[in-house]
Every structure is written in C-alpha cells, then in structure tokens.
Amino acid sequence: MKEEKKKVVVLACSGIGKVYGTIARETVYELMERVRPDVVVTICLPLLMIDDPDAKKLVSDNPVITIDGCPKCCSQKNLEAQGVKADRSFQAIKFYTAHKELKPDGIAELDENGRKLAAIAADELAQVVDELAAGGEK
Amino acid sequence: MIPLNVLKVLKVGIVSCSGEAIPGGTVSRIASRKVLDELRPDKTVTICLPLFIAAGGEERKFAADYPTITVDGCEKYCARKSTEKLSGKPARSLLIPEILEKRGMKAPARLRNMSTEEKATIQVVAEEIARTVDEVLGTKE
C-alpha cells in the first residue's frame, strides 16, 4: 500500500508593517499554489491566538515551517505558545541577503523584485518541504 | 501637566486580521494599510496582531493606549477576540463580509493577484474603516 505523504504546514508572519512580512506571505502562496500545491497548506496565524481547535490539530499533527518577517518572530513564537516547535524556521530577510540584486519594496503589494524574491525563496524551500513531507519530524 | 479632562484622543489603533489563508484576510490587510498610508495617515497607527503573543509587555498596552478598531476577514473574529483577550476591548469591530454584503458586493475568492472587481472591495472596506476612524475620533473629513 502506498504510504500517504504528510501535509507540510507553512506559517507566515502576519505583519502589515514591513516588506519582509509580505515577502513571507508571498513565499507561502508560491509554495501552496505553484511549487508544492498538493503538500503545502497554511492557516491564518491568529487562529492559534484564539485557540482554534482545527488549527491546533493541524500544527500538532503535521510538520511545520515558519517564515518570519522580522526578528520578533511572531509565527515561530505563536506556534511555541501552543506547545509546538517548528521543524524549520526561516527569516524572510535571509532570502534577500542571499539575493541582494532583488531589493523588495511594497507592503500592500510587492513590486517585481519582491515577487521574484518570493518565488526564489519558495523554490529554495521546496527541498525542505519534500524532506518533511517524506516523513521527517512528527 | 495637562489635566486629564482636556486630553483629546488623537490617534486610532487599527488591528487587522492577518488572514493569510482566506481572501478576506488579504482584503483586511490591504484595506487597513490603505487607511494608514493614504486615507487617514495622521490619525491612525497599527500593530501586527500576533505581536500580542510574540512580544507581550509594551505591545499588550496597545488597546489601552489607543481606541482600537479591529478588522476581521471572517466570522472567526481573530482580531477582535485576540485584542479583547490580550490587550483590551476594541472601540469598534468591523467584519468584512458584513461590509461587502451591505454594499451588495461579492467577496473576493483569491488570496492574491485579485481581479479589478475584487480590488474594488478593498477600496470599499478602506473607506468604511476611515469612516469608523472619524466616528471614533469624533471628526468628519
């Protein structure tokens, strides 16, 4: 019998104050819609703040990646507040420091550099997603 | 020292649902940003909702420091409930599906790359938030 792959939950920073919060979200959308559509899922981060049972179950039962937009690490810390540790944690700014030719701009909507950077970040995370989906942690 | 009874509320705090997984969240975030940047830039401040947990301390005083408007993208009311629980009672709570229903507008279906029609909902929600800011401050633009 073919073993069913796990879903991988990717949580993004919720920030509306800085461009890297938007990069984090766009990276999640790239993963969900283009790079690994059948594997990656996300939830609204504040669902964890209101103790939503379905959201809590999803992050407890599946591997989780967090992508934060600033050093306050909201997605990682909100997850930890539920007693769940992220399997991998990333800072969106790290993708920019690795691709300095793509300085992103825009909070409500990313500019072209931002969209390209998010697409590259998602491509780079694909391997991590595959490892976790193949039975990594949890 | 300024006597308390002559202090005026100068700014309103907007707390947007982040709603990464629902189109209403996208509308909420972008509409809130529009109010902060374009419609009422001198009268509004914001905070990232999950900071109430991640940062604690100073950030939890947000609703005590400012009369607050929460903007939710769905009926789970994460912004309103989290603000109430972790910071203080909001002055007003807005729900995007309600705002759009009143205007006879269809809720967007996409998380990003919204169509022109879907983007129109952002403007409508932003204007409603701006009106609510004025109401809370007791002013009209």
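Look up: the structure comes first, before these words.
Here the structure is a predicted model, which is why all the values come from computation and not from measurement. (Residues numbered from 1 in each chain as written. Chains lettered and ligands numbered in written order. Predicted model: local features only at pLDDT ≥ 70, side-chain atom pairs only at ≥ 80, totals over all residues.)

Moving on, we come to the sheet that holds strand β1 (residues 12–16) of chain B. Residue and element names in this part refer to chain B. The strand order across the open sheet built from four strands is β2-β1-β3-β4, with neighbouring strands paired in parallel fashion. Where the open sheet ends on each side, the last strands, each with one partner, are β2 (44–46) and β4 (92–95). Taking the axes of each pair of neighbouring strands and ignoring which way they run, one obtains an average angle of 25 degrees across the sheet. For β1 and β2, the ladder comprises three bridges, and the chain directions are parallel. Bridge pairing in β2 links G13 to V45. (Pairing = 2+ DSSP bridges. Helix = DSSP H or I, 4+ residues; strand = E, 2+ residues; numbered from the N terminus. Axes fitted to C-alpha atoms, helices over the stretch in contact; angles between N-to-C directions.)

The next thing to look at is the pairing of strand β1 (residues 8–12) of chain A. Side-chain direction in a regular strand flips from residue to residue, so the side chains alternate between the two faces of the sheet. Residues and elements named next belong to chain A. Within β1, five of the five residues are buried, which leaves it mostly tucked inside the rest of the structure. Residues of β1 alternate between two faces, with V8, V10 and A12 on one and V9 and L11 on the opposite face, all of them buried. For β1 and strand β2 (residues 40–41), the ladder comprises two bridges, and the chain directions are parallel. Paired with V9 across the strands is V41, a residue of β2. Tracing the backbone out of β1, into helix α1 (residues 19–35) and back to the parallel element β2 gives a crossover that is right-handed. In this sheet, strand β3 (residues 64–68) lies alongside β1 in parallel orientation, the contact comprising four bridges. For V10, the partnering residue across the bridge sits in β3 and is I65. (Buried ≥ 20, exposed ≤ 12 C-beta atoms within 10 Å, placed from the backbone. Right-handed = clockwise from strand over helix to strand, strands pointing away.)

Residues and elements named next belong to chain A. Closest axis-to-axis distance for the α1/helix α6 (residues 112–133) pair is 8 Å, and the angle between their directions is 55 degrees. Taken as axis vectors, α1 and α6 run oblique relative to one another. As for the relative orientation of α1 and α6, their crossing is right-handed in sense. Counted together, V19, T22, I23, E26, T27, E30, L31, R34 and V35 of α1 and G114, R115, L117, A118, A119, A121, A122, D123, L125, A126 and V129 of α6 form the full contact between these two elements. Partitioned by chemical class, the residues of the contact of α1 with α6 number 12 nonpolar, three polar and five charged. (Parallel < 35°, antiparallel > 145°, perpendicular 65-115°, else oblique. Left-handed = near helix turned anticlockwise from the far one by under 90°. Contact = placed C-beta atoms within 7 Å. Nonpolar A, V, L, I, M, F, W, Y, C, P; charged D, E, K, R; others polar.)

To continue, consider the interface of chain B and chain A. Taken together, the contact between chain B and chain A spans 29 residues of the former and 25 residues of the latter. Of all the elements, helix α1 (residues 23–39) of chain B adds the most residues to the side of chain B that touches chain A, at six residues. In the side of chain B that touches chain A, the residues fall into 15 nonpolar, seven polar and seven charged.

In this section: the sheet that holds β1 of chain A. Residues and elements named next belong to chain A. Spatial strand order, β2-β1-β3-β4: four strands in an open sheet with parallel pairing. This sheet does not close on itself; its edge strands, each paired only once, are β2 and β4 (88–91). For β3 and β4, the ladder comprises four bridges, and the chain directions are parallel. Note on β4: the bridge partner recorded for I65 is R88.

Purely geometric numbers; function is a separate question.
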